Amino acid sequence: MAEPIMAGPVALRTSPLSHLEERLRAAAVTGARGVTLAEVPFLTMVNVRVDPASEAADRIGRTLGAPLPRRCGDTAASGHRTTVWLGPDEWLVLSRADAHTVTAELREALQGDPGSVVDVSANRTTLELSGPSAREVLEKGCPLDLHPRVFGPGRAVSTTVGPVAALLWQTHDAPTYRLLPRSSFADYLARWLVDAMSEYGRP
C-alpha cells in the first residue's frame, strides 16, 4: 500500500491576510478614481546589520548586485532583490528567491566579521496599494509628505499608516505602494485601508 504523501511546511503556510482575500478584491475601485489593495504574501525578507564602512558591507553589496543604500529613504535594486535602508547600520533585503538561499549567501559574504544576517520573512507581510487614488488613501492616515516631488518610486521609509507602524515603499509612479506591517497588525491595517478606500467607489 502506498504511503500517504505528507505536505511540507511551505505547502501548509497560511498568509496573515488569506482570510481577507475576497474582501480586498471586493473593495477595488475602478476608473479615474481607482484604487486596489492586495496582499503579496511570502516575500523573503532578510535583516542585515553590518558596519557600512567595513569590507563585509562591500562584500554583501557585491553579493546583492548593488551597494547597500546609505541614506534614509534610499533603496537599491538588482534583479529580483531590493535592499531597503532601515538605519545607519541596518537594512532589509526583499526578494522572491528562497529565504534559505538568500540568507546563506549573505552570511557567506559576512565571512564571520561583526554583523548579523537573519531571516525575518515571517515577521511581516506585504500589502500592495495601487491606482490613481492610492496616494490620497494613504494621506488620510500617514504623516509623511507623499507628494511626488518628495516621495517617489524607489523611496522607502518606516512610518505609520493609521495607527499601525509599517515600512512604506513606493514601487511605481502609477502610483503603487507596498506597505510592510508586522504580521500581527496586518489585519487591522488592511481593514483600515479598505475603509479609507470606500469613498472612491461612490458617485
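In this text, all values refer to a predicted model and were calculated from it rather than measured experimentally.

Rules behind the numbers
Residues numbered from 1 in each chain as written. Predicted model: local features only at pLDDT ≥ 70, side-chain atom pairs only at ≥ 80, totals over all residues. Heavy atoms only, no water. Helix = DSSP H or I, 4+ residues; strand = E, 2+ residues; numbered from the N terminus. Rg over C-alpha atoms; globule rule 2.2 N^0.38 Å. Buried < 20%, exposed > 50% of the residue type's maximum accessible area, 1.4 Å probe, protein only. Areas by Shrake-Rupley, 256 points an atom, 1.4 Å probe, with all protein chains shown as cover. Axes fitted to C-alpha atoms, helices over the stretch in contact; angles between N-to-C directions. Left-handed = near helix turned anticlockwise from the far one by under 90°. Contact = heavy atoms within 4.5 Å. Pairing = 2+ DSSP bridges. pLDDT = per-residue confidence, 0-100. Phe/Tyr/Trp six-rings, centres within 6.5 Å; stacked < 30°, edge-to-face > 60°. Lys NZ or Arg CZ within 6 Å of the ring centre and 35° of its normal. Polar contact = N/O pair within 3.5 Å; in protein donor to acceptor, adjacent residues only side chain to side chain. Core = buried A, V, L, I, M, F, W, Y, C linked by side-chain atoms within 4.5 Å.

Enquirer: Any details on the overall build of the chain? Residues and values, ideally.
Expert: What the chain contains, in helices and strands, is five helices and 10 strands. By the compact-globule yardstick of 17 Å for 203 residues, the chain fits well, its C-alpha radius of gyration being 18 Å. Projected onto its principal axes, the C-alpha positions of the chain cover 65 × 60 × 30 Å. Of all 203 residues assigned to the chain, the portion counted as buried reaches 45%. Just so you have it, the chain exposes about 10,700 Å², and 53% of that area is on carbon and sulfur atoms.

Enquirer: Describe the packing of helix α2 (residues 55-64) against helix α3 (residues 99-110), with residues and values.
Expert: Direction vectors running N to C along α2 and α3 enclose 145 degrees, while the axes themselves pass 8 Å from each other. Pair α2 / α3 crosses with right-handed handedness. Of the residues in α3, those in contact with A56, R59, I60, T63 and L64 of α2 are E105, L106, A109 and L110.

Enquirer: How would you explain the sheet that holds strand β5 (residues 90-95) if you had to name every residue and give the values?
Expert: Taken in spatial order, the five strands line up as β3-β4-β5-β2-β6 in an open sheet, and their pairing is antiparallel. Each having just a single partner strand, β3 (75-78) and β6 (116-119) make up the two edges of the open sheet. Each strand of the sheet is rotated relative to its neighbour by a mean of 20 degrees, with strand direction disregarded. In this sheet, β5 lies alongside strand β4 (residues 81-87) in antiparallel orientation, the contact comprising six bridges.

Enquirer: Go over the confidence of the model for the chain with me, naming the residues and quoting the values.
Expert: Residue-level pLDDT values for the chain average 94, and 94% of them are 70 or greater. Segment residues 1-7: pLDDT under 50, and one contact once partners within four positions in sequence are set aside and those in other chains are kept.

Enquirer: Any chance you could break down the packing of aromatic side chains for me, citing the residues and the numbers?
Expert: Any aromatic ring pair is given by two values, namely how distant the centres are and how the planes are angled relative to each other. Tallied over the full model, the rule gives zero aromatic pairs. Residue placement shows R13 over the ring face of F42; its charged tip is 4.0 Å from the ring centre.

Enquirer: Please give an account of the side chain of N47 that cites residues and values.
Expert: Inspection of the secondary structure puts N47 in strand β2 (residues 44-49). Within the local environment of N47, its side chain forms a polar contact with the side chain of E90, the two groups lying 2.8 Å apart. Once residues lying within four places of it in the same chain are set aside, the contact partners of N47 are L86, E90, W91, L92, S116, V117, V118 and V120.

Enquirer: Any chance you could break down α2 for me, citing the residues and the numbers?
Expert: Along an α-helix, residues three or four positions apart point the same way, because every turn accommodates 3.6 residues. Inspection of α2 places A56, A57, R59, I60, G61 and L64 among the buried residues, and these make up the whole buried set. Elements that come into contact with the buried residues of α2 comprise β2, β3, β4, β5 and α3. Looking at the residues trailing α2, positive phi occurs at G65, about 90 degrees.

Enquirer: Lay out the nonpolar core with the relevant residues and their values.
Expert: Soluble globular proteins tend to pack their nonpolar side chains together in the buried interior. In this structure, L127, L129, L138, L179 and L193 are the most contacted members of the largest nonpolar core, which totals 30 residues. Contributing elements (two or more residues each) for this core: β7 (127-130), α4 (134-139), β8 (156-161), β9 (164-172), β10 (176-181) and α5 (186-197). The contact partners of L129, leaving out residues within four places of it in the chain, are V35, T36, L37, A134, V137, L138, P175, T176, Y177, L179, L193 and M197. With 16 residues, the next largest nonpolar core counts A57, W91, L110 and V117 among its residues.

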